[in-house]
Amino acid sequence: LLEIYRPEALRLFLLTKHYRHPVEVTHLALHEASVRLSKLYRIFSRNARPDSGLSEIGINRGTLWNRFCNAMEKDFNFPMALSVLFEGIKKVNLVPGNSLNAVGVDPACSEMSLVSDIFFICRDVLGIALEPSAEISLERRFRHETAQLV
């Protein structure tokens, strides 16, 4: 699998599953995790890295972090927590010029707070690097897809 998908995509895939339920690994599900990972990397590349002082738990954490924690407190529900994370990403991506107040986001949740929470959750909680690892080579991906057809 590591010849086809980034390790971060595999991690994200596993985190979308609840620990009490069986995990069915399919190429479609791993592809969907890769697409979600690409969304994370796009937001990382478009937004400045928050100061390192923002990465401590409880310091300068915003509404997104609180919602993420509330989801995790419900029987360690990573799928629900990830949906909260991707809702935050969607809010950042929807706003031209990144002015989140224009779309009715809670005023206590400023853009910097939202982006900071996204970076913190990804890097420090989920263990996803803020920059993509080396791309999976097209040749390896082609060999795998060709082998699937045979």
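Small disclaimer: the values here were computed from a predicted structure and weren't measured. Throughout, a residue's number is its position along its own chain's written sequence, starting from 1. In keeping with the predicted nature of the model, local features appear solely for residues at pLDDT of at least 70, side-chain atom pairs appear and are counted solely at 80 or more, and the whole-chain, interface and lining totals rest on all residues. Water and hydrogen atoms were dropped before computing side-chain values, which therefore reflect all heavy atoms in the structure.

### Section: helix 1 (residues 7–15)
Counting along an α-helix, one turn takes 3.6 residues, and residues three or four places apart therefore face a common direction.
Link 1 in the chain: Under the scheme applied here, a residue whose accessible area is under 20% of the maximum for its type counts as buried, over 50% as exposed, and between as partly exposed, the area being computed with a 1.4 Å probe on protein chains only. A run of H or I in DSSP becomes a helix once it reaches four residues, and a run of E becomes a strand once it reaches two; helices and strands are each numbered from the N terminus. For helix 1, the complete set of buried residues consists of Glu8, Ala9, Leu10, Leu12, Phe13 and Leu15.
Link 2 in the chain: Its buried side turned inward, helix 1 meets helix 2 (27–46) and helix 4 (78–94). Any two residues whose heavy atoms approach within 4.5 Å are treated as being in contact.

### As for helix 3 (residues 63–72)
Link 1 in the chain: For helix 3, the complete set of buried residues consists of Leu64, Trp65, Phe68, Ala71 and Met72. Buried residues of helix 3, viewed axially, fall in a sector of 125°; they line one side. Relevant arc is that of directions from the helix axis to the C-beta atoms, nothing else.

### Observations concerning a positive patch on the surface
Link 1 in the chain: Residues forming no salt bridge and having over 30% relative accessible area are the ones grouped into patches, like charges within 9 Å of each other and nonpolar side chains (Val, Leu, Ile, Met, Phe, Trp, Tyr) within 5 Å. All accessibility values rest on the Shrake-Rupley procedure with a 1.4 Å probe; residue burial counts only the protein chains present in the view. For salt bridges, the criterion is a side-chain nitrogen of Lys or Arg within 4 Å of an Asp or Glu carboxyl oxygen. Think of it this way: Lys and Arg go in the positive column, Asp and Glu in the negative one, and His and the chain ends go nowhere. Positions of charges follow a simple convention, taking NZ of Lys, CZ of Arg, CG of Asp or CD of Glu. Together, Lys39, Arg42, Arg46 and Lys90 give the surface a local cluster of positive charge.
Link 2 in the chain: In terms of residue count, helix 2 provides more of the positive patch than any other element does, three residues in total.
Link 3 in the chain: Its location among the elements puts Lys39 in helix 2.

### Examining the nonpolar core
Soluble globular proteins tend to pack their nonpolar side chains together in the buried interior.
Link 1 in the chain: Take the buried residues of types Ala, Val, Leu, Ile, Met, Phe, Trp, Tyr and Cys, join any two whose side-chain atoms come within 4.5 Å, and each joined set is a nonpolar core. Residues Leu40, Phe44, Phe68, Leu85, Ile118 and Leu126 are the most contacted members of the largest nonpolar core, which totals 31 residues.
Link 2 in the chain: Mapped by element, the contributors of at least two residues to this core are helix 1, helix 2, helix 3, helix 4 and helix 5 (111–125).
Link 3 in the chain: In this view, Ile118 contacts Ile43, Phe44, Leu64, Leu85, Gly88, Ile89 and Val92; residues no more than four positions away in its chain are not counted.
Link 4 in the chain: If you look at the next biggest cluster of nonpolar residues, it comprises seven residues, including Ile4, Leu10, Ala29 and Ala33.

### Quick word on the confidence of the model for the protein
Link 1 in the chain: What pLDDT expresses is the predictor's confidence in each residue, scored from 0 to 100. Looking at the protein, the pLDDT average stands at 76 and 67% of residues meet or exceed 70.
Link 2 in the chain: Per-residue pLDDT, averaged within each element of the protein, yields its smallest value for helix 6 (residues 138–149) (53) and its largest for helix 3 (92).
Link 3 in the chain: Here residues 52–58 is a poorly scored stretch, pLDDT under 50, and it has 14 contacts once near neighbours within four places are set aside; other chains count.
Link 4 in the chain: Scored below 50 in pLDDT, residues 98–109 makes 16 contacts in the model with residues more than four places away or belonging to other chains.

### With respect to the pattern of salt bridges
Link 1 in the chain: According to the stated counting rule, one finds three salt bridges in the structure shown.
Link 2 in the chain: The closest approach of N and O atoms between Arg67 and Glu87, which form a salt bridge, is 2.7 Å. Placement of Arg67 in helix 3 and of Glu87 in helix 4 is noted, with a sequence separation of 20 residues between them.
Link 3 in the chain: The class of Arg67 is partly exposed, set by a relative accessible area of 31%.
Link 4 in the chain: The class of Glu87 is partly exposed, set by a relative accessible area of 36%.
Link 5 in the chain: Arg123 is paired through a salt bridge with Asp124; the nearest N and O atoms lie 3.0 Å apart.
Link 6 in the chain: Take Asp124: its relative accessible area is 40%, and that puts it in the partly exposed class.

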